[in-house]
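Chain by chain, the residues run as shown.
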Amino acid sequence: MHPFLTPSWNQHLSAEFDKPYMQQLFNYLSEQRARGSVIYPEDDEYFNAFNLTPLDQVKVVILGQDPYHGPDQAHGLCFSVRPEIKVPPSLKNIYKELERDLGVIPVNHGFLTSWAEQGVLLLNSVLTVEHSKAGSHQGQGWEEFTDKAVELLNVKRSGVVFLLWGSHAQKKGKKIDREKHLVLETTHPSPLSAYRGFLGCGHFSELNRYLTDQNKPPIDWQLPEIQAVDEFNGQLF
């Protein structure tokens, strides 16, 4: 068993850690740190998406690209930031569409763990990044690992909703069996492209109807307001 992953993912992905590409990836990360590079998120948060959303509980998958590259932002979930960090522009547009589509009230933070705990896998294609260098760890091996995770969901599960926002996510999800799963595609919620399809897409209401039709609880997209955060472990109280 690999210490980084909870059992439901571990039984299928643990073998990946023994493969050359993964060993090379971890060697690369160690070398970068030895040179003084600052890497996000913290190493015990690389696999937060998997560990907050076990394989057998995944209902929705949102595919991102790579982590935020500013201090204290990334914590292992795509589009999500730590509670004390300003809501990023793409996430603001996600909130706008949720409000338009479902009447969900936007909150003043971008901490999305309550979605993950309901079965929304918030998975980036690349799980690490160097400080202030967007996309700096692309092509180092993470893509192969996360491709394996998407393949697992495609094969082992049925009735999962895949939200593919933007060309990068659509390319990563091109092999998903659309007879077994619901695949919803539109532009990325970035301010550069959200107005060309994302805003007005209705994905959230559509996926909740799909889940309900399968007798699964819909996702409650309303995030809780955060009153205070324990600075030692990030837990709400």
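As a reminder, the structure under discussion sits directly above these lines.
Since the model is a prediction, treat every value here as computed from it, not as a measurement.

## A short note on the pattern of salt bridges
- Applying the stated criterion to the full structure yields 6 salt bridges.
- In this structure, the salt-bridge partner of Lys19 is Glu16, at a minimum N-O distance of 2.8 Å.
- In this structure Lys19 comes out as partly exposed when scored by relative accessible area, which is 33%.
- The closest approach of N and O atoms between Glu97 and Arg100, which form a salt bridge, is 2.8 Å. With a gap of 3 residues between them, Glu97 and Arg100 both fall in helix H4 (residues 89-102), about one helical turn apart.

## Here we look at the environment of Glu99
- Counting through the fold element by element, Glu99 comes out in helix H4.
- Owing to a relative accessible area of 42%, Glu99 belongs among the partly exposed residues under this scheme.
- Linking Glu99 and Trp221, residues 122 residues apart in sequence, is a C-alpha distance of 9.8 Å.
- The residues touching Glu99, leaving out its near neighbours within four places in the chain, are Val104 and Pro106.

## Looking at H4
- Over its 14 residues, H4 runs 20 Å from end to end, which matches the ideal 20 Å to within 8%, given 1.5 Å per residue.
- Looking at H4, one finds that the buried residues are Ser90, Leu91, Asn93, Ile94, Tyr95, Glu97, Leu98 and Asp101.
- Residues of H4 that are buried make contact with helix H5 (113-116), strand E5 (161-165) and helix H8 (203-213).
- Looking at the residues trailing H4, positive phi occurs at Gly103, about 75°.

## Describing H8
- Buried within H8 are the following residues: His203, Phe204, Ser205, Leu207, Asn208 and Leu211.
- Those residues of H8 that are buried are in contact with strand E2 (60-64), H4, E5 and strand E6 (182-186).

## Examining unusual backbone geometry
- For the peptide bond that leads from Tyr40 to Pro41, omega is -10°, which places it in the cis range.
- Inspection of the secondary structure assignment puts Pro41 in the loop between strand E1 (39-40) and helix H3 (48-52).
- Notably, Phe79 is not glycine yet its phi reads approximately 70°, a positive angle.
- Here Phe79 is to be found in the loop between E2 and H4.
- Despite not being glycine, Asn215 has its phi angle at roughly 60°, a positive value.

## Describing the environment of His181
- Checked against the element boundaries, His181 lands in the loop between helix H7 (167-172) and E6.
- Remark: the alpha-carbon pair of His181 and Ser167, spanning 14 residues in sequence, is separated by 19 Å.
- With residues up to four places along the chain from it excluded, the contact list for His181 reads Leu153, Asn154, Arg157, Ser158, Gly159, Val160, Phe162, Ile176 and Tyr210.
- Side-chain polar atoms of His181 contact the backbone nitrogen of Val160, separated by 3.2 Å.

## Observations regarding the side chain of Asn93
- Relative to the elements of secondary structure, Asn93 occurs in helix H4.
- The buried category is assigned to Asn93, whose relative accessible area is 7%.
- A distance of 2.7 Å separates a polar atom in the side chain of Asn93 from the backbone oxygen of Pro189.
- With sequence-adjacent residues up to four places away left out, Asn93 is seen in contact with Pro189, Ser190, Pro191, Ala194, Phe198 and Leu199.

Here is what the cut-offs are and how they apply
Residues numbered from 1 in each chain as written. Predicted model: local features only at pLDDT ≥ 70, side-chain atom pairs only at ≥ 80, totals over all residues. Heavy atoms only, no water. Salt bridge = Lys/Arg side-chain N within 4 Å of Asp/Glu carboxyl O. Buried < 20%, exposed > 50% of the residue type's maximum accessible area, 1.4 Å probe, protein only. Helix = DSSP H or I, 4+ residues; strand = E, 2+ residues; numbered from the N terminus. Contact = heavy atoms within 4.5 Å. Expected span 1.5 Å × (residues − 1). Polar contact = N/O pair within 3.5 Å; in protein donor to acceptor, adjacent residues only side chain to side chain.

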